[in-house]
Amino acid sequence: AQTVTQSQPEMSVQEAETVTLSCTYDTSENNYYLFWYKQPPSRQMILVIRQEAYKQQNATENRFSVNFQKAAKSFSLKISDSQLGDTAMYFCALRAGANNLFFGTGTRLTVIP
Amino acid sequence: DGGITQSPKYLFRKEGQNVTLSCEQNLNHDAMYWYRQDPGQGLRLIYYSQIVNDFQKGDIAEGYSVSREKKESFPLTVTSAQKNPTAFYLCASSINLGARYNEQFFGPGTRLTVL
């Protein structure tokens, strides 16, 4: 069975500051993929960043980066230089083996001007 | 422009009525998915389809039905058997299960309210 846990229901950050969103997961598969999705107030789900379990190097996409700790089964998202447009729900998701995507319950992030 | 469209954006239904939500994609993706989103919960998988004329139940398929007659289209019917249908429904597509990441791309969603 797969599980994805996001233990921070809500977070806030000052504009231009850095914030880290936590995600832990569990799977018995050796090959799996991890994703962070953003859902702004428009409710459109947008892929932010992705990571393959076999890759040791942490993925980065502009201001977004991850800290992938495979042994600890942790996949946190760091947002640098936070912008007002980063205000959204953020979902961590796991795809293991041939299984479908499994989502955490989300973290609501508010960027404060 | 390539993408996924869902219609309508808002849908109201009386109790006891069936209603169909539309999902179309022009990304040439093999796989398509339907999710339900409720407040305080993540997305839950209703049905998915890996290829035309084939589909499988997800985690919460009871009270829903789908069809996949064309590659581009994956409509979802919410039947009167669904006990609590008021929710936000998201459609997604991906290249296919054999692809490396096979990340899913989402439509804008449909908000269904039962009156």
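Position labels on residues start from 1 in each chain and follow its written sequence. Chain letters and ligand numbers both follow the written order, the letters beginning at A and the numbers at 1. In keeping with the model being predicted, local features are shown solely for residues with a pLDDT of at least 70 and side-chain atom pairs are shown and tallied solely at 80 or more, while totals for entire chains, interfaces and linings include all residues. Derived side-chain values reflect all non-hydrogen atoms in the structure, with water molecules and hydrogen atoms excluded from consideration.

Here's the deal with the packing of aromatic side chains
Now for step 1: Note on aromatic contacts: the rings of Phe and Tyr and the six-membered ring of Trp form a pair at centre separations within 6.5 Å, being stacked when their planes are under 30 degrees apart, edge-to-face when over 60 apart, and tilted otherwise. Within this structure, the stated rule accounts for 14 aromatic pairs over all chains.
Now for step 2: Between Phe103 of chain A and Phe106 of chain B the ring centres are 6.3 Å apart and the planes differ by 70°, which places this aromatic pair in the edge-to-face class. Linking Phe103 of chain A in strand S11 (residues 101–103) with Phe106 of chain B in strand S10 (residues 105–106), this pair reaches from one chain into another.
Now for step 3: Under the scheme applied here, a residue whose accessible area is under 20% of the maximum for its type counts as buried, over 50% as exposed, and between as partly exposed, the area being computed with a 1.4 Å probe on protein chains only. Classification of Phe103 of chain A as buried rests on a relative accessible area of 5%.
Now for step 4: Judged by centre distance (5.8 Å) and plane angle (40°), the ring pair of Tyr35 of chain B and Phe106 of chain B falls under tilted. Strands here are runs of E lasting at least two residues and helices are runs of H or I lasting at least four, both read from the DSSP assignment and numbered beginning at the N terminus.

Quick look at the layout of surface pockets
Now for step 1: Only protein atoms enter the 1 Å grid, on which a cavity is a set of points fitting a 1.4 Å probe that cannot get out and a pocket is an open set with protein on both sides within 12 Å along at least 5 of 7 lines, lining residues being those with an atom within 4 Å of a point. Grid points are joined across faces, edges and corners, and a volume is the space filled by probe spheres set on the points. Taken as a whole, the largest pocket holds about 390 Å³ of empty space.
Now for step 2: Taken together, 21 residues form the lining of the largest pocket, with Gln39, Arg43, Met89 and Arg108 of chain A together with Gln37 of chain B sitting closest to its centre.
Now for step 3: Elements supplying a minimum of two residues to the lining of the largest pocket: strand S10 (88–96) and strand S12 (107–112) of chain A.
Now for step 4: Each residue receives one of three labels: charged for Asp, Glu, Lys and Arg, nonpolar for Ala, Val, Leu, Ile, Met, Phe, Trp, Tyr, Cys and Pro, and polar for the others, Gly being one of them. For the lining of the largest pocket, the class distribution of residues is eight nonpolar, eight polar and five charged.
Now for step 5: Looking at the second largest pocket, its volume works out to about 230 Å³.
Now for step 6: Considering the residues around the second largest pocket, the lining is formed by 13 residues, among which Arg50, Ala59, Thr60 and Glu61 of chain A together with Tyr101 of chain B are closest to the centre.
Now for step 7: Of all elements in the fold, only strand S6 (46–52) and strand S7 (60–61) of chain A reach the threshold of two or more residues within the lining of the second largest pocket.

Focus: the interface of chain B and chain A
Now for step 1: In this description, contact between two residues means that some pair of their heavy atoms is separated by no more than 4.5 Å. Contact residues are listed per partner, giving 22 residues for chain B and 20 residues for chain A.
Now for step 2: Together, Arg100, Tyr101 and Phe106 of chain B form the three largest contributors to the area buried by chain B at its contact with chain A, with a combined 34%.
Now for step 3: Any carboxyl oxygen of Asp or Glu that lies within 4 Å of a side-chain nitrogen of Lys or Arg is treated as forming a salt bridge with it. Where chain B touches chain A, the interface holds one salt bridge.
Now for step 4: Of the charged contacts in the structure, one is a salt bridge between Glu103 of chain B and Arg50 of chain A, with a shortest N-O distance of 2.4 Å. When two components associate, each loses some accessible surface as probed by a 1.4 Å sphere; the sum of these losses over both components is called the buried area.

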